[in-house]
Amino acid sequence: MSNLKLGVEVVSAHNLMPKDGQGSSSSFVELHFDGQKYRTTIKEKDLNPVWNEHFFFNISDPNSLPNLTLDAYVYSNIKATHSKSFLGKVRLSGTSFVHYADAVVLHYPVEKRSIFSRVKGELGLKVYLTDDPSLKSSSNPLPAMDSFLRPDPLQTQSQSQAQVQNQTQTDKKAESRHTFFTLPNQNQNQHQQQQPHFSTMMSEQPIKFSADEMKPEPPPNIVRMYSSSSSQQPAAYALKETSPFLGGGQIVGGRVIRADKPASTYDLVEQMQFLFVRVVKARELPAMDITGSLDPYVEVKVGNYKGVTRHFEKKQDPVWNEVFAFSRERMQSSVLEVLIKDKDLVKDDFVGIVRFDLNEVPTRVPPDSPLAPEWYRLESKKGDKTKGELMLAVWIGTQADEAFPDAWHSDAAMPHDASAASITHIRSKVYHAPRLWYVRVNVIEAQDLVISDKTRFPDVYVKVQIGSQDVKTRPVQSRTLSPLWNEDLLLVAAEPFEDHLILSVVDRVGPNKDEVIGRVIIPLIHVEKRADDRMIDTRWFHLEKPVAIDVDQLKKDKFSSRLHLRLCLDGGYHVLDESTHYSSDLRPTAKQLWKPSIGILELGILSAEGLHPMKTRDGKGTSDTYCVAKYGHKWIRTRTIINSLTPKYNEQYTWEVYDPATVLTVGVFDNCQIGEKGSNKDVKIGKVRIRLSTLETGRVYTHSYPLLVLHPSGVKKMGELHLAIRFSCTSLVNMMYIYSRPLLPKMHYIRPLTMGQLDHLRFHAVNIVAARLSRSEPPLRKEVVEYMTDVHSHLWSMRRSKANFFRLMTVFSGVFAVGKWFGEVCGWKNPITTVLVHVLFLMLVCFPELILPTVFLYMFLIGVWNYRYRPRYPPHMNMKISHADAVHPDELDEEFDTFPTTRSPELIRMRYDRLRSVAGRIQTVVGDVATQGERVQALLSWRDPRATTIFVIFCVVAAMVLYVTPFQVVVALAGFYQMRHPRFRHRLPSVPVNFFRRLPARTDSML
């Protein structure tokens, strides 16, 4: 029987509806879940009751939890009639339940039971899952109404004491727990543990893998990004559509043409066959040294590829349990040799060997159970049986094998590479970025500060630190020893909370001389979490003498100084750790606010072609490449393919999608940690961005993406990356509903953050994510994380500024085209068109109610017409739109300059002068716009008395004329006058234009 329980803490209610006829209510809450019912105590005559009562429900079937609901009904007890009056209800779906460590108190607005119900107010609940076996379900089931309305005082007191004791035990156990629990879905958990970096789409039918002869692919189709000629780029830089043969069949036009073989679970990658060798252990090995000891290790060899296990010192019964995978494509031998050797300083001694004919190796097809290892007797070099046995398992499989992720790969190791030191840097892994929180620190005031110099008034500020982050309040020069700030500060923290919140009160004694008055160290695990905008209670903290920073070393003697703070972990925000234009996740931090997923994104990283050599090895140019993909909190890294400019990865991954307005990023890097000691940085080769909202659901996109990288010498194509992408929608209704919701969580609009705060917090968030991922094995290095998150995209770039300007011109090109066409109509360039426009204009003036229907019908027809020419491929990076094909070398050098700059003063002076000239032109345009606005204000400001007199008289005459003339006639006359024949036009400006240009502006008042 499962120990999983649902804990519900009924905290409080606010602003309930009075129902007792005396302006108040005696409220209580009934909880209904999975056939179980519990009730809180009654709070007499209170519209803002506080309960703080805990209840625990048994969950009979954890697998059906997403289909269950928790109902909380708020009632008012009416003693006169022994009845209850409805005050509201709250319904929570099982998909919103989280574990205790993630649970926070949320205040839900109460809902109506019917359209005639009159309710208002909020109910505060804390709902969480726990499997603590010591917790029992609540023993006070829902009593009868009569007995409940007339409770026994002694029974009520005993129940209250039991609830308080139960709450205390729960809090203590919650503080001692350090394990994060998940719903016990055995199938899913087992599948994710065995195959963490592949697709987890399950099928009811058994899945069989078989080897097929690769068929030649048809030549790729080059597709264009945009239809306009101004954005076309060379064919070498364009996206290419492919039709590869994948696990599910051939992909043609985004559709899967099934083959005769059964469909594979990993249907977005090509099946690759590997020879798997599992070296388990050995026994009764002979002693080789004079001392009678043995330092054994195993060498697995196929042709000129070999893998080596770790060695044990002085052990004749070693246990390795290591797996080696050899690509069938690269095999140059038909014999597998497994040797045991003795590790020596000079030359390793031969112990024994086991040989296998590859033609006799069995083939394992998932979902078959793993192949059982067998004991093999060791042989000498001549083929004679010797002492000792080795347990092995040898089989042929595909990348769908559960041993594939953790195996040593032949395509990820150099020939005759006997060193296993760098194996941790070449394996494929799945990473989960830490969950980030905004830490809000409201520094209110300090009290009774003790300063060293009693003759001066303190000039103090508060410095707040978390790890490498530090922010400061404004300095306050107080005439008392109790300064007041009342200032909000924001920082970023990551789970698990390893760093402490350190607040230091600092006195500015003199120029560049600060003195720490006191310090407070607060563990983040003790800071209250919130997911909404409710007020957090303030607390006073005693300042401690600044003798040490470490918590364990800090002196415990307190003095009279105190600091007044309001602290909380804001879970209602989404912590931005990437550029807002390329966000891959928009969910808030608090899991209770997460909505159900709307679909699944599947990515197949097939191969790369035409890569530029990034290093030289044995006199030849080569590359050791791997791919990194990021979406949401999940990062993946493929295995590193050694010595190949055309690597084949064929790895498939899956993400849950919560918002279609997100971006998947895939990057290619050259591994510089192989054979090195980690001093070199991994080199970027290129990346691809794919916005999910541009993908059709259910369609398989197989394209070869150009890897374009901007270098100081210009844009370069570093190769092509072959990807297969499929976005499957699980709930069309939820996905359509997402389009009506705000892009960011609600807290971003209730208490918005400034752009300066967002940029500052984003910088620290990226640093935290990079530091956590760099501690993984294999590590995702800092330069990889920064390149994938576009951490430097906010810095100044002349090229990017020009590109944005031309993008703006492209947006307004339609308006300019309409203006040009209307000018031709007014100029009677085509008389037939002009006459038709006159007729249409007259019809719209006579029937103005047709204007809006005509506009919307016209847009509908345009949309239907453009459906035939809709894009059938995801967008990709365009060098013309990026303005990278015609950029000046000096502008590129400026873009790649560090911050602060490291260039010569002469070069900086030249760039500064250039920036001044550009800013001068912008300044002139802004001034002209301001001048036109000031002239409009001058119409009635009497700055020019004659002009204002003329305008006022004109307004009176216009009012009388418009009063007696139908509005349609006025509009028709104005339209015909505007479109009059050129014969009736003059080359000089019109009278209204001349009058407007003569109006005064404030340019005369500027220095």
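Above this note sits the structure.
Definitions and cut-offs
- Residues numbered from 1 in each chain as written.
- Predicted model: local features only at pLDDT ≥ 70, side-chain atom pairs only at ≥ 80, totals over all residues.
- Heavy atoms only, no water.
- Helix = DSSP H or I, 4+ residues; strand = E, 2+ residues; numbered from the N terminus.
- Buried < 20%, exposed > 50% of the residue type's maximum accessible area, 1.4 Å probe, protein only.
- Contact = heavy atoms within 4.5 Å.
- Areas by Shrake-Rupley, 256 points an atom, 1.4 Å probe, with all protein chains shown as cover.
- Pairing = 2+ DSSP bridges.
- Axes fitted to C-alpha atoms, helices over the stretch in contact; angles between N-to-C directions.
- Parallel < 35°, antiparallel > 145°, perpendicular 65-115°, else oblique.
- Nonpolar A, V, L, I, M, F, W, Y, C, P; charged D, E, K, R; others polar.
- Core = buried A, V, L, I, M, F, W, Y, C linked by side-chain atoms within 4.5 Å.
- 1 Å grid on protein atoms, 1.4 Å probe; cavity = no way out; pocket = protein on both sides within 12 Å on 5 of 7 lines; lining within 4 Å.
- Points joined across faces, edges and corners; volume = space filled by probe spheres on them.
- Salt bridge = Lys/Arg side-chain N within 4 Å of Asp/Glu carboxyl O.

Visitor: Report on the overall build of the protein chain, specifying residues and quantitative values.
Guide: Scanning the protein chain from N- to C-terminus turns up 16 helices and 43 strands. Residues counted as buried form 45% of the 1007 residues belonging to the protein chain. Taking all contacts inside the protein chain whose residues are at least 6 apart in sequence as the whole, residues at least 24 apart take part in 69%. Accessible surface computed for the protein chain: about 53,800 Å², of which carbon and sulfur atoms make up 56%.

Visitor: Before we move on, could you go through unusual backbone geometry and cite the residues and values that matter?
Guide: Cis geometry is found at the peptide bond from Glu495 to Pro496, where omega equals -10°. Take Pro496: it is sitting in the loop between β28 (484-494) and β29 (500-510). Here the residue pair Glu777 and Pro778 is connected by a cis peptide bond, since its omega of 0° sits within 30 degrees of zero. For Pro778, the location among the structural elements is in the loop between α6 (755-773) and α7 (782-788). Even without being a glycine, Asn15 presents a positive backbone phi close to 55°. Looking at the secondary structure, you find Asn15 in the loop between β1 (5-14) and β2 (27-33). Of note in this structure, Asn512 is not a glycine but carries a positive phi near 60°. Counting through the fold element by element, Asn512 comes out in the loop between β29 and β30 (513-523).

Visitor: Lay out the pairing of strand β34 (residues 599-609) with the relevant residues and their values.
Guide: With 10 of 11 residues buried, β34 lies mostly within the body of the structure. When β34 meets strand β39 (residues 648-657), the two strands line up antiparallel, connected through 8 bridges. Bridging from a neighbouring strand, Leu601 pairs with Trp655 of β39. With 10 bridges joining them, β34 and strand β43 (residues 714-729) adopt antiparallel strand pairing. Pairing of Gly599 across the sheet is with Cys729, part of β43.

Visitor: Pulling in residues and values, what's your account of the packing of helix α9 (residues 813-826) against helix α10 (residues 831-846)?
Guide: In a pair of packed helices, the angle between the axes and the distance between the axes together describe the arrangement. The interhelical angle for the contact between α9 and α10, taken along N-to-C directions, is 100°, at an axis separation of 8 Å. Here α10 runs roughly perpendicular to α9, going by the angle between their axes. Contacts between α9 and α10 involve Trp821, Glu824 and Val825 from the first element and Thr833, Thr834 and Val837 from the second. A breakdown of the residues in the contact of α9 with α10 according to their chemical character gives 3 nonpolar, 2 polar and 1 charged.

Visitor: Which residues make up the sheet that holds strand β6 (residues 83-93), and what are the values?
Guide: Pairing is antiparallel in the open sheet, where 4 strands are placed in the order β3-β2-β5-β6. Looking at which strands have only one partner, the edges of the open sheet turn out to be β3 (36-39) and β6. The average undirected angle you get between the axes of adjacent strands in this sheet is 20°. Sheet topology places strand β5 (residues 69-78) next to β6; 10 bridges connect them, and they run antiparallel. Residue pairing in the sheet places Ser76 in a bridge with Ser85 of β6.

Visitor: Residue-level account of the nonpolar core, with values.
Guide: Counting residues in each nonpolar core, the largest one holds 64 residues, and the members touching the most others are Tyr438, Leu603, Trp635, Trp655, Leu721, Leu723 and Ile725. Among the nonpolar cores identified, the runner-up in size contains 39 residues, and Ala13, Leu31, Val74 and Val119 belong to it.

Visitor: Describe the sheet that holds strand β8 (residues 122-130), listing the residues and the values that go with them.
Guide: Strand order in this open sheet of 4 strands is β4-β1-β8-β7, and the pairing throughout is antiparallel. Of all strands in the sheet, those with a lone pairing partner are β4 (50-58) and β7 (106-109), marking the two edges. The sheet shows a mean angle of 30° between the axes of neighbouring strands, taken without regard to direction. Two elements, β1 and β4, share 7 bridges in a ladder whose sense is antiparallel. Bridge pairing links Val8 to Phe55 in β4.

Visitor: Just give me the short version of the packing of helix α8 (residues 798-811) against α9, but keep the residues and values in it.
Guide: At their nearest, the axes of α8 and α9 sit 4 Å apart, and the two run at 45° to each other. By the angle class used here, α8 and α9 are oblique. Residues Met809, Thr810 and Val811 of α8 pack against Ser813, Gly814 and Phe816 of α9. Considering only residue class, the contact of α8 with α9 consists of 3 nonpolar, 3 polar and no charged.

Visitor: An account of empty space enclosed by the protein is requested, with residue identities and associated values reported.
Guide: With the rule as written, the count across this model stands at 5 cavities of 30 Å³ or more. Taken as a whole, the largest cavity holds about 160 Å³ of empty space. Lining the largest cavity we find 18 residues, and of these Leu436, His574, Val575, Asp585 and His633 sit closest to its centre. Grouping the constituent residues of the lining of the largest cavity by class yields 7 nonpolar, 5 polar and 6 charged.

Visitor: Lay out the environment of Met843 with the relevant residues and their values.
Guide: Summarising the element assignment, Met843 is placed in helix α10. Given the relative accessible area of 46%, Met843 is considered partly exposed. When the C-alpha atoms of Met843 and Ala972 are compared, they prove to be 9.9 Å apart, with 129 residues separating the residues in sequence.

Visitor: Account for the pattern of salt bridges, with residues named and values stated.
Guide: Summed over the entire model, instances satisfying the criterion amount to 52 salt bridges. Between Asp488 and Arg440 there is a salt bridge, with its nearest N and O atoms 3.2 Å apart. Of this pair, Asp488 sits in strand β28 while Arg440 sits in strand β24 (residues 436-447); the two residues are 48 residues apart in sequence, bridging distant segments of the chain. Taking the shortest distance from any N to any O, the salt bridge between Asp790 and Lys687 comes out at 2.7 Å.

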